[in-house]
Amino acid sequence: AFPEDGSVVFGFNGNSSVSPNDIFAVSIPADLCAATGADVKQCALQQITRVNEELLSGLDIVKPEPFQFKSSDGLVLDGWVMKPVGFQEGKKYPAIIQVHGGPRSAYGEAFYHEMQLMTSTGFGVFFCNPRGSSCYGKEFADGVIGDWGGMDYQDIMALRDVVANTPWVDDSKVGITGGSYGGYMTNWVVTQTDRFAAAVSCRSISNMYTKYGVSDIGWYGNKAGFGGRDLWDSEDFIMERSPMRHAPKVNTPLLLVHSDQDYRCPLEQAEQFFVALKRLGKTVEFVKFTGENHELSRSGKPWNRVERVEHIVEWFVRFLK
């Protein structure tokens, strides 16, 4: 809003311990403040509402710490780490890697309630923007096209090396989770390596061949993501890059979370992977939410959103703590 007096009303948590101009501070579940002055960096702030004061006063909010690291081919990537609440030097902690969806999406210094819940439960959280992410130009974003499970996997494993070299992390207790494309990558990771002690895959993809015909993104969306490869000319490649093909290699305990009205990554993707892993005698569980869709984690019914994160945290507590 732009009132006649020249003030600007915007969302900001006035009780945060960080600067009003800090991107992370502005992203925290916000109260309203009025900023007056021509220069936003020099403006005066007046807090208007305090609807979150009681909630935030009883919470320990962890700010992501940025760092950079190199992938296997030398590409420099952005990453962030969030230490567990109550962090103590000299103590070892379990950790979780988060993989974003998209793949044309991006993480940053923002408030993610799921990650905050993990840090409050005693986990360190690591996340990054592997190739395919947005915000780094077209060439970087296109880096995953036709190569799902290729160099993007190498980027995630390079982050895994960062976690392994972090002194306060117990390297035997590292988990991985993600949703949508991040769910695909979680499924893919556990078929390629045993370096994770637990995994949670949300609204995921397990079989790109069958997904060509059932996703609301259209067969052309999947074909484009796989570099123009089609079912009848590239079956071997499409299946080679599908976690389903490698199900016998899975040794990591895996929790699959999916919604029955998910038409972007349809329910059958989780169902067939779950059945395959159960047939193979693997440690796997499947949680299905009825009446929810691909947006469960963001705009699902509040009680289902709560139950979803409870399942995720419980799984990691079970296998990492």
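Residue numbers here run from 1 along each chain, matching the order of that chain's written sequence. Under the rules for a predicted model, residues below a pLDDT of 70 receive no local features and side-chain atom pairs below 80 are neither given nor counted, while totals for whole chains, interfaces and linings still include all residues. Only hydrogens and water are set aside; all other atoms, that is, all heavy atoms of the structure, feed into the side-chain values.

Just to check I follow, could you spell out unusual backbone geometry for this structure?
Most of the time, phi is negative for any residue but glycine, and the peptide bond is trans. Across the junction of G102 and P103, the peptide omega takes the value 5°, indicating a cis bond. Along the polypeptide, P103 turns up in the loop between β6 (93-99) and α3 (113-120). You will see that S180, though not glycine, has its phi angle at about 65°, which is positive. Each helix corresponds to a stretch of at least 4 residues labelled H or I by DSSP, and each strand to a stretch of at least 2 residues labelled E; elements are numbered beginning at the N terminus. In this fold, S180 is placed in the loop between β8 (169-179) and α6 (181-192). The phi dihedral of R203 falls on the positive side, at around 35°, and the residue is not glycine. With respect to the element layout, R203 can be found in the loop between β9 (198-202) and α7 (208-211).

What should I look at first to understand helix α5 (residues 151-164) in this one?
Three- or four-residue spacings in an α-helix give side chains the same orientation, since the helix completes a turn every 3.6 residues. With 14 residues, α5 should cover 20 Å at 1.5 Å per step; its first-to-last C-alpha distance of 20 Å lies within 8% of that length. The classification of residues rests on relative accessible area computed with a 1.4 Å probe and restricted to protein chains. Under 20% of the type maximum is buried, over 50% is exposed, and intermediate values are partly exposed. Of all the residues in α5, the buried ones are D152, Y153, D155, I156, M157, A158, L159, R160 and V163. Any two residues having at least one pair of non-hydrogen atoms within 4.5 Å are treated as being in contact. Check the buried side of α5 and you find it contacts β4 (65-70), β5 (76-82), β6, β7 (124-128), β8 and α6. Helices are assigned an expected span. That span is 1.5 Å times one less than the residue count.

Just checking my understanding: could you explain the pairing of β9 for this structure?
Along a regular strand, successive side chains alternate from one face of the sheet to the other. In terms of burial, β9 is largely enclosed, as 5 of its 5 residues are buried. Residues A198, V200 and C202 line one face of β9 and the alternating positions A199 and S201 line the opposite face, and both faces are buried. By definition, two strands form a pair when at least two bridges between them are found by DSSP. Here 5 bridges tie β8 to β9, and the two strands are oriented parallel to one another. For G179, the partnering residue across the bridge sits in β9 and is C202. Here the term right-handed applies to a crossover when the path leading from its first strand over the helix to its second strand runs clockwise, the strands being oriented away from the viewer. Following the backbone out of β8, through α6 and into the adjacent parallel β9, one traces a crossover that is right-handed. In this sheet, strand β10 (residues 254-259) lies alongside β9 in parallel orientation, the contact comprising 4 bridges.

Help me understand the nonpolar core, please; the structure alone is not making it clear to me.
Generally speaking, nonpolar side chains in soluble globular proteins are found buried as a group. Side-chain atoms within 4.5 Å link the members of a nonpolar core, which is a set of buried Ala, Val, Leu, Ile, Met, Phe, Trp, Tyr and Cys residues. The biggest cluster of nonpolar side chains holds 46 residues, and the ones touching the most others in it are I97, F126, W148, I176, M185 and F273. Every element with two or more residues in this core is listed here: β5, β6, β7, α5, β8, α6, β10 and α10 (267-279). If sequence neighbours within four positions are ignored, F126 has contacts with F67, W80, V81, A95, I96, I97, Q98, L159, V163, T166, W168 and V169. Grouped together as the second largest cluster of nonpolar side chains are 22 residues, C202, V257, W315 and L320 included.

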